[in-house]
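# Coordinates in review
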Amino acid sequence: MSANDPFSLALNFQRELLDTAVESVDRGSIAAEQAERIEDVEVGHTPSNVVYEENKLELLHYESDADDRHGTPILIVYALINKPFILDLQPDRSVVKRLLDAGHDVYLIDWNEPSRLDQHLTLDDYVNRYIDNCVDVVRERSGADRINILGYCMGGTMTTIYTALHQEKVRALGLMAAGLCFDETGGVLELWGDDEHYDPQAVVDAYGNVPADMLATGFALMDPVANYVSKYARLYDNLDNDDFVENFARMERWLDEGIDLAGETYVQFLEDVYQDNKLYKNEMYVGDEHVDVTSIEVPVLQIIGEYDHLIPPETSKPFNEVLGSDDTEIIEYSTGHIGLAVSGSSHRDVWPQVAEWYLERSPDEPDDDADASEPGDAVQIEIDEADGSAADEAEPAADVQDAIDGIGPTYAERLHAAGLGTVDALADADPETVADAAEIGVSRAEDWRSQAESRTE
């Protein structure tokens, strides 16, 4: 019989139906076997210790197999939504392990779930209290005056704010898929969050904290076919692949274990960063302090996913142009928002570069960039053999940029304009005057003045 014979066509169709039915039975049997594997999957394999706790927050310090760890540690700050084990999903796809293997000393903030009592926490609390306290703990434990920071997603936005306010404690800043500028560049999220269509305060009035399920559903609806259809079709096609099933289960566990977001912080973040674009416009205030992003002079690296639909590249890349730093770089890779953390190719191509970037910008000894004449050091004075006078008697007063930790060219220029450009003048000024002149907070001005006083004693 020919291939076009109606009886052959009917027989072939019956065979295909039978093959499909047999395959369905087989896969049903495999699915039952794989259900236990999915249920028991483990995440967060890298050993760690909790070294600091405050409210719900836990600061983790990761154990390393390296004989020598680098003198400047890295503090990872994740977003306030979802759990941070996406950065330590499995041994061969762990950002934490990649950094440890490169010789870095790694810490990470695990925010945990806020309670109803935490709904009034603000960005001021998270940035100037929680992050700052964790930075101080890492500094004290490591002996480093300044540490490296890596912020992911919302954590990148918060660490940018932190660096603008506490630059004297930061050596280098890495920003991974961080939303920083929203001028019709933020894709679907910016459109949905536009103040013409959406009032974040209404959600907080109803719920207190923003429910994790509501956030997760919103993110999933940005790509409904991929999140509700395609991934399950791929799972079905790969049910007999144990590695695929385990990887799928880890990702699903991360997606399912979201955490609520403190209500007041949600409102601030949506209104100031998304709706009003204040961070990029350099108009943002946290507490009573101006977040002056033009004052950021530390090295900054942006790690961006080319196909990131949550934080498109256009919401990150332009931000380097408004920073005061002369040392800015961008690594843009062909992956998405989550792929930056978990894809095999990202771990092969991106993270070795990131680890090396931090190493190149950090001295191995924590204090090797300290001023050569710290208080308490012996000071040698040359004596003129002709008349016994001090040869350096008329040496000009020390410039604040050279002598005070945390004062770079931008701040120095402002202080000079106000007549506070020398250590002596800074030591004699009151903190409020210094704060007004440099356009900083009073607490930072007090620190600068204290440094200046110690050098004039």
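Just above, that's the structure.
Being a predicted model, the structure only gives us computed values, none of them experimental.

### A word on the pairing of strand β5 (residues 147-152)
- Burial of β5 is extensive: six of the six residues sit out of reach of the surface.
- Here β5 shows a buried face lined by I147, I149 and G151 and a second buried face lined by N148, L150 and Y152.
- In this sheet, β5 lies alongside strand β3 (residues 74-77) in parallel orientation, the contact comprising four bridges. When the bridges of β5 are listed, L75 appears paired with I149.
- Alignment of β5 against strand β6 (residues 170-176), held across six bridges, turns out to be parallel.

### Comments concerning the packing of aromatic side chains
- Applying the stated criterion across every chain yields a total of seven aromatic pairs.
- Between the aromatic rings of F182 and Y274, the centroid separation amounts to 4.0 Å while the plane-to-plane angle is 25 degrees, which identifies the pairing as stacked. Here F182 is found in the loop between β6 and α5 (187-192), whereas its partner Y274 is found in helix α10 (residues 263-275), with 92 residues between them in sequence. Side by side, F182 and Y274 carry an identical accessibility label, which is buried.
- With a centroid separation of 5.1 Å and 80 degrees between ring planes, the pair formed by W357 and Y358 is classed as edge-to-face. Each member of the pair, W357 as well as Y358, is classed as buried.
- Through a chain of ring-to-ring contacts, the aromatic side chains of W111, Y126 and Y130 assemble into a single cluster.

### Regarding the environment of S450
- Relative to the helices and strands, S450 is located in helix α19 (residues 442-456).
- By relative accessible area, S450 is classed as partly exposed at 42%.
- Separated by 23 residues in sequence, S450 and A427 place their C-alpha atoms 7.2 Å apart.

### Overview of a negative patch on the surface
- On the surface, a cluster of negative charge is contributed by D430, E432, D436 and E446.
- Take E432: it is sitting in helix α18 (residues 431-438).

### Quick word on the nonpolar core
- Membership of the largest hydrophobic core comes to 93 residues, with the highest contact counts inside it found for L75, L87, W111 and L150.
- For this core, the element with the most residues is helix α3 (residues 123-142), which contributes nine residues.
- When near neighbours in sequence (up to four residues on either side) are disregarded, L75 contacts L59, Y107, L108, I109, C134, V135, V138, I147, N148, I149 and L150.
- Core analysis: the second largest hydrophobic core is formed by 20 residues, A403, L420, A429 and A452 among them.

### Focus: helix α6 (residues 200-207)
- Residues P200, V203 and V204 constitute the buried set of α6. Within α6, the buried residues cover an arc of 95 degrees as seen down the axis, which keeps them to one side. Exposed positions of α6 whose direction lies more than 90 degrees from the buried face are D205 and A206.
- One side-chain oxygen of the residue at the start of α6 lies 3.1 Å from the amide nitrogen of Q201, identifying that residue as D199.
- The positive-phi residue at the C-terminal boundary of α6 is G208, with phi of around 85 degrees.

What counts and what doesn't
Residues numbered from 1 in each chain as written. Predicted model: local features only at pLDDT ≥ 70, side-chain atom pairs only at ≥ 80, totals over all residues. Heavy atoms only, no water. Buried < 20%, exposed > 50% of the residue type's maximum accessible area, 1.4 Å probe, protein only. Helix = DSSP H or I, 4+ residues; strand = E, 2+ residues; numbered from the N terminus. Pairing = 2+ DSSP bridges. Phe/Tyr/Trp six-rings, centres within 6.5 Å; stacked < 30°, edge-to-face > 60°. Patch = residues over 30% accessible without salt bridge, like charges linked within 9 Å, V, L, I, M, F, W, Y side chains within 5 Å. Areas by Shrake-Rupley, 256 points an atom, 1.4 Å probe, with all protein chains shown as cover. Salt bridge = Lys/Arg side-chain N within 4 Å of Asp/Glu carboxyl O. Lys, Arg positive; Asp, Glu negative; His and termini not counted. Charge placed at Lys NZ, Arg CZ, Asp CG, Glu CD. Core = buried A, V, L, I, M, F, W, Y, C linked by side-chain atoms within 4.5 Å. Contact = heavy atoms within 4.5 Å. Arc of directions from axis to C-beta. Polar contact = N/O pair within 3.5 Å; in protein donor to acceptor, adjacent residues only side chain to side chain.

Everything listed here is a matter of geometry and, on its own, says nothing about what the molecule does.
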